[in-house]
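Structure at a glance
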Amino acid sequence: MVRPISGKDVCVRAAMLCLALWTSAACHAGEVEVLHYWTSGGEAKSLGELKGMMTNRGHSWKDFAVTGGGGQNAMSVLKQRVLSGAAPAAALIKGPTIQEWAELNVLTNLDAMAEFEKWDALLPKVIADQMKHQGHYVAVPVNVHRVNWLWANSAVLRKAGVTSLPRTYDEFFAAADKIKAAGFIAVAHGGQDWQDFTVFESVVLGVGGAAFYNNALVQLDKRSLASDTMRQSLEVFRRLKSYVDDKASGRDWNVATDMVIKGKAGFQFMGDWAKGEFLAAGQRPGVDFSCSAAPGTDTAYTFNVDSFAMFQLKPWEAQKAQGYLAYLLMGQDFQEKFNLRKGSIPARLHMDMEKFDACAKASSKDFVAASKAGTLVPSIAHGMAVSTAAQTALRAVVSDFWNSDKTTVGDAMSKLVLAASTKPR
């Protein structure tokens, strides 16, 4: 349970004091340790922006990077650190996991900073609510990622005779066949459970629509999980595997993206952090690569919000640095620079998108439209919708189905229903 604001909530109050007196050397002496799993090219450059801003104000940055597992490895290390009484100042945590940590009473209250900077007016309610526990801010969002993207190498598509981006799965499979016939890998994929589910949830959204997606994967409705629509989704998902190369097992997502960048593969289903890899490689959207909504999902938006939860700290200097970090994370300067490199869009509203590329502008426009239309849905693969236990169970079922041809569509449906029945949401 997050404690209410009191005189003991000194970290944000110290930060506010430092904002007013930032030229004072006394406000420049803290160290901030940040746990994250941003280690790929585009991600590392994005984080470099934050490091630079902190050090420019005199604070020292202690990097705590944990690679692999799509963040799972980082969470395991974080648990060990917190249990041993050595929590970092901030950790990359998102979705319902924020609430799980807050229930342990290890996160600090950021309401003073949030009120001072008017965060409620600067964030969409759906995002602000995820940053709060029992109405109190405990985390800071830095971006909004669209998960249901399909990336393509423009040159590969031209060589294969694919003249337009697929809007349906019939069109997609026709394009994939042409790409295979031209000697390329049709779909670049990394055989890890979170990547399997990233593709799967886009397929479910494309086949069933936003309402079905919400019923089946967010509400874990048993009838939806056992429906003909889920059967069709699993059949499309299995068919996709025939377009993936046989070396995909264990491959990291950015390695798969590099296959598209270098013209070895035509398509990749992945969130828009992949765009950061294209940009880091000097490629241009609309010229060297293209972005489009995954087949059947152009009117929907699967979101993934990166955020930093702030842990309770005792040293005064560490609290000051932590408070300044929270201030920077929500600032216009950082949100613009960070998201220009990361491939995402700012979580902060009313930002000027002029410097952003066509993919980001489309993402921003579609985010607002989907929010108004009720087709804005959270990503299950990326921890935005269900508990860690439910997410783990669902990932296991989908990954088993992807990797084992002996597992039938009927078997997978039964296992999904079982996962929904036995795992807490």
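Residues numbered from 1 in each chain as written. Predicted model: local features only at pLDDT ≥ 70, side-chain atom pairs only at ≥ 80, totals over all residues. Heavy atoms only, no water.

**Examining the packing of helix H9 (residues 169–181) against helix H12 (residues 228–241)**
- Interhelical geometry of H9 versus H12 gives an angle of 10° and a closest axis separation of 12 Å. One element, H9, and the other, H12, form an angle in the roughly parallel class. Two secondary-structure elements touch here, H9 through Tyr169, Phe172 and Phe173 and H12 through Val236, Arg239 and Leu240.
- Taken together, the residues that form the contact of H9 with H12 break down as 5 nonpolar, no polar and 1 charged. (Axes fitted to C-alpha atoms, helices over the stretch in contact; angles between N-to-C directions. Helix = DSSP H or I, 4+ residues; strand = E, 2+ residues; numbered from the N terminus. Parallel < 35°, antiparallel > 145°, perpendicular 65-115°, else oblique. Contact = heavy atoms within 4.5 Å. Nonpolar A, V, L, I, M, F, W, Y, C, P; charged D, E, K, R; others polar.)

**Considering the side chain of serine 363**
- By secondary structure assignment, the location of serine 363 is in helix H17 (residues 358–373).
- Not counting the four nearest positions on each side in its chain, serine 363 is found in contact with Arg146, Trp149, Asp272, Tyr301 and Ile345.

**Let's talk about the pattern of salt bridges**
- Summed over all chains, the structure comprises 18 salt bridges.
- The residue aspartate 120 makes a salt bridge to lysine 132 at a minimum N-O spacing of 2.9 Å. Of this pair, aspartate 120 sits in helix H6 (residues 119–122) while lysine 132 is found in strand E4 (residues 132–133), placing the two residues 12 residues apart along the sequence.
- Here the salt bridges do not stand alone but share partners, grouping Lys94, Asp306 and Lys342 into one network. (Salt bridge = Lys/Arg side-chain N within 4 Å of Asp/Glu carboxyl O.)

**A short note on the side chain of arginine 251**
- Within the fold, arginine 251 resides in the loop between H12 and helix H13 (253–261).
- For arginine 251, the side chain forms a polar contact with the main-chain oxygen of histidine 189, separated by 2.9 Å.
- Excluding residues within four positions of it along the chain, arginine 251 makes contact with His189, Gly190, Gly191, Gln192, Gln195, Asp245, Ala256 and Met259. (Polar contact = N/O pair within 3.5 Å; in protein donor to acceptor, adjacent residues only side chain to side chain.)

**Comments concerning the sheet that holds strand E8 (residues 149–153)**
- Here we have 4 strands laid out as an open sheet, ordered E9-E10-E8-E11, and mixed in their pairing. With partners counted over all chains shown, the strands left at the sheet margins are strand E9 (185–187) and strand E11 (289–293), one partner each. Taking the axes of each pair of neighbouring strands and ignoring which way they run, one obtains an average angle of 20° across the sheet.
- Sheet topology places E8 next to strand E10 (residues 265–269); 3 bridges connect them, and they run antiparallel. Bridge pairing in E10 links leucine 150 to phenylalanine 269.
- Each of E8, E9 and E10 is contacted by H9, which is oriented at about 145° to E10, the strand it contacts most. (Pairing = 2+ DSSP bridges.)

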